[in-house]
Each structure stands twice: as structure tokens, then as C-alpha cells.
Amino acid sequence: MVFITRRNTTNLRDTTNFMVALNSCRFFLLCGLLCILVFFPAVAMAQHAYINIKDPLIRKIPVAIPFFKAVTGHEEEVTLGKNAVDIMSNALDFTGYLFVMDKGAFIENPSIKGITGSEINYKNWTVIGSELLITGGIVEQNGAVRLELRLFDTFKETLLIGKVYTGHKEDVKSMVYRFCAEISMLLTGKMGVFGSRIAFVSTVSGNKDIFTCDFDGGNISRVTSFNNITMSPAWSSDGNFLSFTSYAKGNPNLYIRDLRTNKDIVVAKKGLNITPAWLPGQFALAATLSFSGDQDIYLLTGTGEIKRQLTKEAGIDISPCFSPDGTKFAFVSKRSGTPQIYIGDTGSGSATRLTFQGNYNTSPAWSPDGDKIAYVGIVKNSINIYVIGANGSGLTQLTSGQGDNEDPSWSPDGNLIAFSSTRQGASRIFVMTSTGSDQKLLFTFKGAQTDPTWSSASGNK
Amino acid sequence: MGKKIVVKMMVLLFLSAMMLTVSCAKKTVETDPSAGIENQGSQDGLSAEEIARQRALEEERLREEALRNAIAAEREKFENQDINFDYDSSELVPDARMVLKEKADFLTRNSGLTITIEGHCDERGTTEYNLALGEKRAMSAKRYLQDLGIAEFRMNTISYGEERPLVQGNDESAWSRNRRAHFVIR
């Protein structure tokens, strides 16, 4: 059973407000832009999360999502409502901590009986094991949509979140994602993955180019068309810039693309210009350059000018990734004779070794909470994803016995890790929880996919 | 409109010219036999001196061709003979050093040539690390050639990591061939 740690009585002003809102819906239909009307004060529970998503023994919370009520009842409205339920079910199922229940078990039908708290018989939901209930009502008129959504705790018999979204019918998906983000914030204290994008590399007619997709693998769009070797995408915190390496002009050069204008800044120094990583919250990034004859990590401005050198030891120093506060960076160095993960201090550049197990540890990814680092380890030709505490404790292997697994990248809420795997033949993008459970294929697409990189939750398209 | 007509006319002209050429060529072939016989006759009348001169010219031509072939073969060998590396290593093994000595000889004899040294890896590593390792391999080869007297400005390096395998395959025989430095004459 879910238990609420803090209750806000203003949540309970349910029925009357909703009825008033429903009657005035025609007014809102005139509103073309997507806007959100919060008619309940935000539920002040962010400081006390329901569940700890880092718990490896996490039990998924059963949530019931019955069909939404088509308020005027015409065909278009019914279809939009069904789509919204599907989008929401898939999105919440994706989180890894919610279990979306089969509709066959439902006793009550809120789309007929009513979607407000006073119209719900909570016993009808608790008896089938549902701990959370989401009801929805949708109005569609000439392409304008009004979607009202409620989340209930069926055991406490309380409304947890109530929101009304209005906009065009094309906006239904983003309305649903916004509501999912509210649920995520309530349950875990974080906005979750909703609204985030994943950049990845796919081979198209034999060449690697960069694409992006929604967090759930939908809505794939192409970013580069160099028809050459293009790899290692890295998002800026605001999602407006994507940095990557491309051989488009012959040499492995570093590109900084403004996704709003599609203009590139190119860092084309002699040798390697590779493995970019943005400094969190800043228009600056780290990358490996080898113009000096040695491969070292440098800090660059967002316009590609060198600010300073971050590593100075001889030998391979590559693949930087910053801690969430930017004060430290993990990277790969061969200074000990084999590739290992090190932690460097962004200010002083001094570094200490993090990994000691195995002879080949690369591709570090720092968790959004700052406490863990996921990486790739190769043991006896087996390539797998591991996770280790930023302090070196708690080494755990997350994948095993299923093809080569590479390129870990954390979801913005730290709950999921995207990675590439050859377990089904050609390399594909998979997602698993941060504890390694629920490993699933994200999408299928032509060619081979590698290098998934998750944007922050606020990342734009 | 006018432009289009001009273009069409030009295309027509070109096509008819092509057809003429084809029909002319056919006629030449038909008249060839008699021409051949006439030439044969005049050759019979050559002096011994002239024949010797022609023979010498022919021999000269053959020698030059052989030399050209030898150079081409040498160039081909230079470009096609890779040096190989151990797993996760950019150190030159004895075999690689021997091949590099031959390459240094070739570059010394052909002092006008400049080259690019490509570093490659097998697919087993991770892609980013392999970019770095590939560059280390190319730089090892370059440094050794420098030690053998080849000027640095004549040599570029580029790493392709694991992006351009020589052979496909999931076994050591494929991997060992893909762990290589490859040499290209610019």
C-alpha cells in the first residue's frame, strides 16, 4: 500500500471545482496555445517522495488507468481519449517503478460513472489491488482539446494531483507527459524522463549519423546527414546544443551544433578532436584533443576555444563526463598500463583511480544523483555494463551473458540507464533500471544503433 | 523557352555526331585488311640497321615498363602491407619493425612521396577508446619511421578506431588483421 507522508487539505476541494471547470470548457477551447491551468494548489509533497527508486528491491506500484471520459462523446474525442490512455500507460510503465494494471480486472467504469473523487467508489479499486488510480476527461472541439487528469490514492481515498490541460489535439502527448512528470515528482521527488530525448548513432547506408528520439523510443528524427563516420553525441544541459565527432571533412573533428539554428562550430585541430561532454549548466564542454602529440582532456568554451587543459599525464586520456555539480569529472586513462576509470578534479586537474577490477574499463557515465558511475568493462571478451560508487564502493555488474553491451547513459531522473547491445544481432538501444532489472529494447530502426545519450528532462527537441 | 530549344538542338546534334562516328568506325574496320597488307610489304623492305634500331627502342620501352611495373608493385606493396598489433597495444612487434624498415627504404628511395598512416583497431574495444588506441598505433609507426630517417613532415596520421575493419569476423584471425596500421601514399 502507498502511504502519504504529508497531506495538503487543499487537495480535497475536488468535485465542485471540476464541475465548474467542465462547464466553462468551451471558453478554454478557444485557447490555441498549450497552456496548463492548475486549479489546485501544487501538491506540496516534493520533499517527501513515496518511493526510493534506487532501492534494488523496489516493488512496482500497481496503477489503474481506466478509459477516459469523452465528455461530448463524439468519435474524434473518443479516439483521442483512447490514444491518451495508451500514451500514459506506456509512459508510466516505462518508469520501471509503476505497474500498469490490465483493464480486464476493473469493476468500475469512471468514463460512465464519473471521474471526480466523489463519484469514485475507492473500494472497487482497492479490492482489485490498485493502489493508484488515474481518471481522465477529454473534450475535443474543432481541433482544440481540454484534458483533465486526476491521480488518486485509492487506499487513502484522496486526490493527489488534479490538472487541466488545454491546447491543440496534437498536444495531447505532451499534456500526458506533463502529467506523468507531475506523478513522477510526487512519487520520487524528480521530474522523471518525460520530455527528455535520447540522441544516438545509427548506420544509414553503411555510414554513422546522429539521430534523436523521445525517451520512449518514439518520434525519431535525424540530426546529421554527413554520410560519414559521426559519433559520440553529447547534450548541453539546456538541450539546445549537441556536440559530437565527425569525419565529414576527413579528420575526426569536434562539432558543436546549435539545434535551434542547425549551425555548427567545428574544432578541427590536428589529430583527434573527440569525446565531448558538457559542463552541467554551463556553455562549456570538455573533450579530448591530441594536437600536442599526446591525448589529453581540455576544457573548451561553447564556441570551441580552449579554456585550459584538464589532464596532463602522458598517454591516453579520453571520455570525460562531469559530476552533476561539475566539480569533478570521470574519464578513461591508460596511465596505469590498461584503460581504467579515473576521477579528476575540474579545478586542479589532479586525479585518482576509481576502477581496479579487470583490465579494460571505459565509457564512464556519472549518475544525475552524483553517487554512482556506470561504465563498460571487458572481461574475457565479454563486454558488459557495470556500476560503481563514485567513492569506489559497491561495484555491481548490470548486464551479463547477452551480447556486447556498451555506451551506458543515465536517464535525467537517474532511474534508468540506456545502453547499446548486440544481444539480438545488430546493435540496438536498450533501457534498464539503474539496478539492471527490466532490460528492454527501446525501438527498432534501420541499420545498427549505438551511443545512446540521454538529454536532461528539460531538454528541448 | 528559347534556351530549351537550343539545348534540345545541341542534344540532337551531339547524338547525330555520335552516330556518324560509329558508322565511320565500322567502315575503317572493313578497309583494314588491305591496309595491313600494304604495311607488311613496306616493313619487309626495312634495312637491318633500321630493324636493330627499332629492336633497341622496343627493348628500352620494355625496360622502362618493367621499371614502372616494379615501382608500381613496390608502391602497391607499400600501401597494401599493413603492420599488426597485439590486443590493446600500440607497441611495435618484431614483424612490424621489419616491415617498417622496408617502408623506410622505399620512402628513402622515393623522397618525393608523402604518406598518411592510418591506425585501426579490432571491434572488441569500445568505440571511443579505440579512436585513441588507433591514433597511438599510427603514431608508433610514424615515430619508428622517423627514427629510421624519414622526415616528420612527410607523414600524417589519422585514427579510424574500429570504424573501418579490413575484414569482417568474430574470431581472433579477423581481429588480429584488423589491429593494424595502414599506409597510404598521398
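Quick notes on the rules
- Residues numbered from 1 in each chain as written.
- Chains lettered and ligands numbered in written order.
- Predicted model: local features only at pLDDT ≥ 70, side-chain atom pairs only at ≥ 80, totals over all residues.
- Helix = DSSP H or I, 4+ residues; strand = E, 2+ residues; numbered from the N terminus.
- Buried ≥ 20, exposed ≤ 12 C-beta atoms within 10 Å, placed from the backbone.
- Contact = placed C-beta atoms within 7 Å.
- Nonpolar A, V, L, I, M, F, W, Y, C, P; charged D, E, K, R; others polar.
- Pairing = 2+ DSSP bridges.
- Axes fitted to C-alpha atoms, helices over the stretch in contact; angles between N-to-C directions.
- Domains from an automatic or database assignment.
- Expected span 1.5 Å × (residues − 1).
- Parallel < 35°, antiparallel > 145°, perpendicular 65-115°, else oblique.
- Left-handed = near helix turned anticlockwise from the far one by under 90°.
- pLDDT = per-residue confidence, 0-100.

1. Quick look at the overall build of chain A
For chain A, the count of helices and strands is six helices and 31 strands. Residues classed as buried in chain A amount to 49% of the 461 residues present.

2. Description of the overall build of chain B
Along chain B, the regular secondary structure elements total five helices and four strands. Reading chain B from its N terminus to its C terminus gives the helix and strand order α-α-β-α-β-α-β-α-β. Expressed as a percentage of the 186 residues in chain B, the buried residues total 28%.

3. So, the interface of chain B and chain A
Counting residues at the interface gives 13 residues for chain B and 24 residues for chain A. Those elements that place two or more of their residues in the side of chain B that touches chain A are helix H4 (127-147) and strand S3 (155-161) of chain B. Taken together, the residues that form the side of chain B that touches chain A break down as four nonpolar, three polar and six charged.

4. Brief notes about the sheet that holds strand S10 (residues 221-222) of chain A
In any sheet, the strands associate via hydrogen bonds between backbone groups, in a parallel or an antiparallel arrangement. All names here are of chain A. Pairing is antiparallel in the open sheet, where four strands are placed in the order S10-S9-S8-S31. In this open sheet, the two edge strands, each paired with only one partner strand, are S10 and strand S31 (449-454). Two elements, strand S8 (residues 197-204) and S31, share four bridges in a ladder whose sense is antiparallel. Bridging across to S31, Ala199 finds its partner in Thr453.

5. Quick look at the sheet that holds strand S18 (residues 306-309) of chain A
All names here are of chain A. Taken in spatial order, the four strands make up an open sheet running S15-S16-S17-S18, and their pairing is antiparallel. The sheet is open, and its two borders are formed by strand S15 (273-278) and S18, each paired with just one other strand. Strand-to-strand twist in this sheet, taken as the mean axis angle between neighbours without regard to direction, amounts to 30 degrees. When S15 meets strand S16 (residues 284-289), the two strands line up antiparallel, connected through four bridges. Looking at S16, one finds that Trp278 is bridged to Leu285.

6. With respect to the domain arrangement of chain A
Residue and element names in this part refer to chain A. Here chain A is described as being made up of domain 1 (9-188) and domain 2 (197-454). Facing the ten residues of domain 1 at the interface are eight residues of domain 2. Listing elements by their share of the side of domain 1 that touches domain 2, those giving two or more residues are helix H3 (75-94) and helix H6 (172-188). Sort the elements by how many residues they give to the side of domain 1 that touches domain 2 and H3 lands first, with three residues. Along the lines of polarity and charge, the residues of the side of domain 1 that touches domain 2 split into four nonpolar, five polar and one charged.

7. Some details on H3 of chain A
At 3.6 residues per turn, the α-helix brings residues three or four places apart onto the same side. Residue and element names in this part refer to chain A. Its 20 residues place the ends of H3 29 Å apart at the C-alpha level, agreeing with the 28 Å of an ideal helix rising 1.5 Å per residue. Among all positions in H3, only Glu77, Gly81, Ala84, Val85, Met88, Ala91, Leu92 and Phe94 are buried. Where H3 is buried, its residues touch strand S2 (61-64), strand S3 (69-70), strand S4 (98-100), strand S5 (132-141), strand S6 (144-153) and H6. Just beyond H3, the residue with positive phi is Gly96, at close to 90 degrees.

8. Structural notes on the packing of helix H3 (residues 94-109) of chain B against H4 of chain B
Residues and elements named next belong to chain B. Taken N-terminus to C-terminus, the directions of H3 and H4 make an angle of 55 degrees; their axes are 10 Å apart at the nearest point. As summarised for this structure, H3 and H4 are arranged oblique, according to the angle between their axes. You can see that H3 and H4 cross each other, and the crossing is right-handed. Where H3 approaches H4, its residues Arg97, Leu100, Lys103 and Ala104 are matched on the opposing element by Ala141, Tyr144 and Leu145. Looking at the contact of H3 with H4 residue by residue, the classes come out as five nonpolar, no polar and two charged.

9. Some thoughts on the confidence of the model for chain A
Regions with low pLDDT should not have their predicted coordinates read in detail. With 87% of its residues at a pLDDT of 70 or more, chain A has an overall mean of 88. Confidence drops under pLDDT 50 across residues 1-48 of chain A; counting only partners more than four residues distant or on other chains, this segment forms 69 contacts.

10. Quick word on helix H2 (residues 48-80) of chain B
A rise of 1.5 Å per residue sets the reference length of H2 of chain B, with its 33 residues, at 48 Å; its end C-alpha atoms lie 47 Å apart and thus fit the reference within 8%. Little of H2 of chain B sits inside the fold, with one of its 33 residues counted as buried.

11. What to know about the pairing of strand S20 (residues 328-333) of chain A
Residue and element names in this part refer to chain A. With five of six residues buried, S20 lies mostly within the body of the structure. Here strand S19 (residues 317-322) runs beside S20; their pairing, made up of four bridges, is antiparallel. Bridging from a neighbouring strand, Phe322 pairs with Phe329 of S20.

12. Notes on the confidence of the model for chain B
All names here are of chain B. Overall, the predicted model of chain B reaches an average pLDDT of 84, with 76% of residues at or above 70. Below pLDDT 50 for its whole length, residues 22-38 participates in zero contacts with residues either more than four positions away or in separate chains. Across the assembled chains, the prediction reports ipTM 0.82 with pTM 0.80.

13. A closer look at the packing of H3 of chain A against H6 of chain A
Residue and element names in this part refer to chain A. At a minimum axis separation of 9 Å, H3 and H6 run at an interaxial angle of 40 degrees. By the angle between their axes, H3 is oblique relative to H6. With respect to the hand of their crossing, H3 and H6 are arranged in right-handed fashion. Contact with H3, carried on its side by Leu80, Asn83, Ala84, Ile87, Met88, Ala91 and Leu92, involves Val172, Lys173, Val176, Tyr177 and Cys180 of H6 and no other residues of that element. Residue classes in the contact of H3 with H6 are distributed as ten nonpolar, one polar and one charged.

14. Topic: the environment of Met88 of chain A
Residues and elements named next belong to chain A. Residue placement: Met88 occurs in helix H3. Judged by local crowding, Met88 falls into the buried class, with 25 C-beta atoms found within 10 Å. Residues Met88 and Lys173 lie 85 residues apart in sequence; the distance between their C-alpha atoms is 8.4 Å. In contact with Met88, not counting residues within four places along its chain, are Ile65, Ile134, Val176 and Cys180.

15. Focus on the pairing of strand S9 (residues 207-214) of chain A
All names here are of chain A. S9 sits mainly inside the fold: six of its eight residues count as buried. In terms of strand pairing, S8 meets S9 through eight bridges, oriented antiparallel. Considered in S9, the bridge of Arg197 is made with Asp214. Note that S9 and S10 share two bridges and pair antiparallel. Within S10, the residue paired with Phe211 across the bridge is Arg222. Where S9 hands over to S10, the hairpin turn is made up of six residues, of which Gly217 adopts a positive phi near 90 degrees.

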